[in-house]
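# Coordinate analysis (summary)
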Amino acid sequence: MIGTTPKASESPEQPLKKIILQHGIIYGPMPSRRLGRSLGINLLPTKYKLCSFNCLYCQYGWTQKATFTPGERLKDLPSVEAVAAALETALAEFSRDHRTIDAISICGNGEPTLYPALAEVILNVMQIRDRYQPHARVVILSNSSTVGDPAVRAALELLDLKIMKFDAGSEEMFRQLNHPAAPVYMGEIIAGLKQLKNTFLQSCFVQGRVTNADPDSVATWIDKIREIHPLGVQLYTLDREPADKRIEKVSLTTLRWIAYAARWRGGLPAEVF
Ligand code: SF4
């Protein structure tokens, strides 16, 4: 998942920046419009992206092989103990320096809910947060691919906030834009998201070879977000170089129009980032 939501720009001609993979377990803190000063946790490999999607707009480039079950790649994931130790070291240093953070975000080089011991890691993170930075919210940025699994939902409910990807209103658009791994279907994602509490949806709108920002696509997307009924919807577009160079960002005017439509027709708080 993307770590921080880029800020929409009025100028579609601005060159898009490149981004590189996170090199370790802890990164940042980075300023985030939604979360304040946010410290990132990467539960994923550091040499490649591990994800159940292969989004055309991904800032980390193409997913080598989209997977729902990491299998043989488990050896490349940090241990539960290593994650706890890295976070404790970082937060202890902040405390020594009297520095505070507003959030701890679990995201990193791909899809964090693919991590097999997710609940265990989250419990550790919450405990360490309570000791060093009790005011910081613990948040996950997920692509929603695993939300149909009750065990993943139970782990996610331990968090203060969930920000879940939802870009498309139809199975066809979902497949074209997000290229999910084989066993992932939109119906299951919607059913899972409907059961998740305290959740924001995050939706990326793009145009070019594939567009989800035309009136028909937006109308079907609004039907689905109304059904899911999250706390709100966060809209954004490209800010970094996409995996597919034929994908372009949409204008700020388009994002504002979609947000207006989501509020008016979907009855949901919708904000452009
Ligand atoms: S969900 Fe999409 S954007 Fe996020 S890391 Fe995976 S491929 Fe990239």
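The paragraphs below set out a description of the structure included in this document.

The rules behind each value
Residues numbered from 1 in each chain as written. Predicted model: local features only at pLDDT ≥ 70, side-chain atom pairs only at ≥ 80, totals over all residues. Heavy atoms only, no water. Buried < 20%, exposed > 50% of the residue type's maximum accessible area, 1.4 Å probe, protein only. Helix = DSSP H or I, 4+ residues; strand = E, 2+ residues; numbered from the N terminus. Pairing = 2+ DSSP bridges. Right-handed = clockwise from strand over helix to strand, strands pointing away. Axes fitted to C-alpha atoms, helices over the stretch in contact; angles between N-to-C directions. Contact = heavy atoms within 4.5 Å. Nonpolar A, V, L, I, M, F, W, Y, C, P; charged D, E, K, R; others polar. Disulfide = S-S within 2.5 Å.

## Some remarks on the pairing of strand β3 (residues 103–107)
- Summarising burial for β3: five of the five residues are buried, a large majority.
- By the alternation rule, side chains of β3 split into Ala103, Ser105 and Cys107 and Ile104 and Ile106, which are all buried.
- Strand direction decides the pairing type here: strand β2 (residues 36–42) and β3, joined by five bridges, are parallel. Residue pairing for β3: Leu39 is matched across the bridge by Ile104.
- Where the polypeptide runs from β2 across helix α1 (residues 80–96) and back to β3, its parallel neighbour, the crossover connection is right-handed.
- In this sheet, strand β4 (residues 137–142) lies alongside β3 in parallel orientation, the contact comprising four bridges. For Ile104, the partnering residue across the bridge sits in β4 and is Val138.
- The handedness of the β3 to β4 crossover, carried by helix α2 (residues 118–132), is right-handed.

## Here's the deal with the packing of helix α5 (residues 186–195) against helix α6 (residues 215–228)
- Following both chains from N to C, one finds α5 and α6 inclined at 40°, their axes separated by 8 Å at the closest point. Along its contact with α5, which presents Met186, Ile190, Leu193 and Lys194, the element α6 presents Lys224, Glu227 and Ile228.
- The class makeup of the residues in the contact of α5 with α6 is four nonpolar, no polar and three charged.

## As for the state of the cysteines
- As enumerated under the stated definition, the model contains zero disulfides in all.
- A disulfide-free cysteine, Cys107 has its sulfur positioned 12 Å from the sulfur of Cys51, the nearest such atom.

## Comments concerning unusual backbone geometry
- Of the consecutive residues Gly28 and Pro29, the connecting peptide bond is found in the cis state with omega at 10°.
- Looking at the element boundaries, Pro29 is found in strand β1 (residues 26–32).
- Even without a glycine there, the phi angle at Ser144 is positive, about 75°.
- Here Ser144 is to be found in the loop between β4 and α3 (150–156).
- Using a relative accessible area of 0% as the deciding quantity, one classes Ser144 as buried.

## Topic: the pairing of strand β8 (residues 232–236)
- Of all five residues making up β8, five are buried, and the element is well covered by its neighbours.
- Covered by surrounding structure in β8 are Gly232, Gln234 and Tyr236 together with Val233 and Leu235, the residues of both alternating faces.
- The pairing of strand β6 (residues 199–204) with β8 spans five bridges and is parallel. By the bridge assignment for β8, Gln202 is matched with Gln234.
- Two strands pair when backbone bridges link them, and β8 and strand β10 (residues 270–272) are joined in this way by three bridges, in the parallel orientation. Across the sheet, the residue bridging to Gln234 is Glu271, located in β10.

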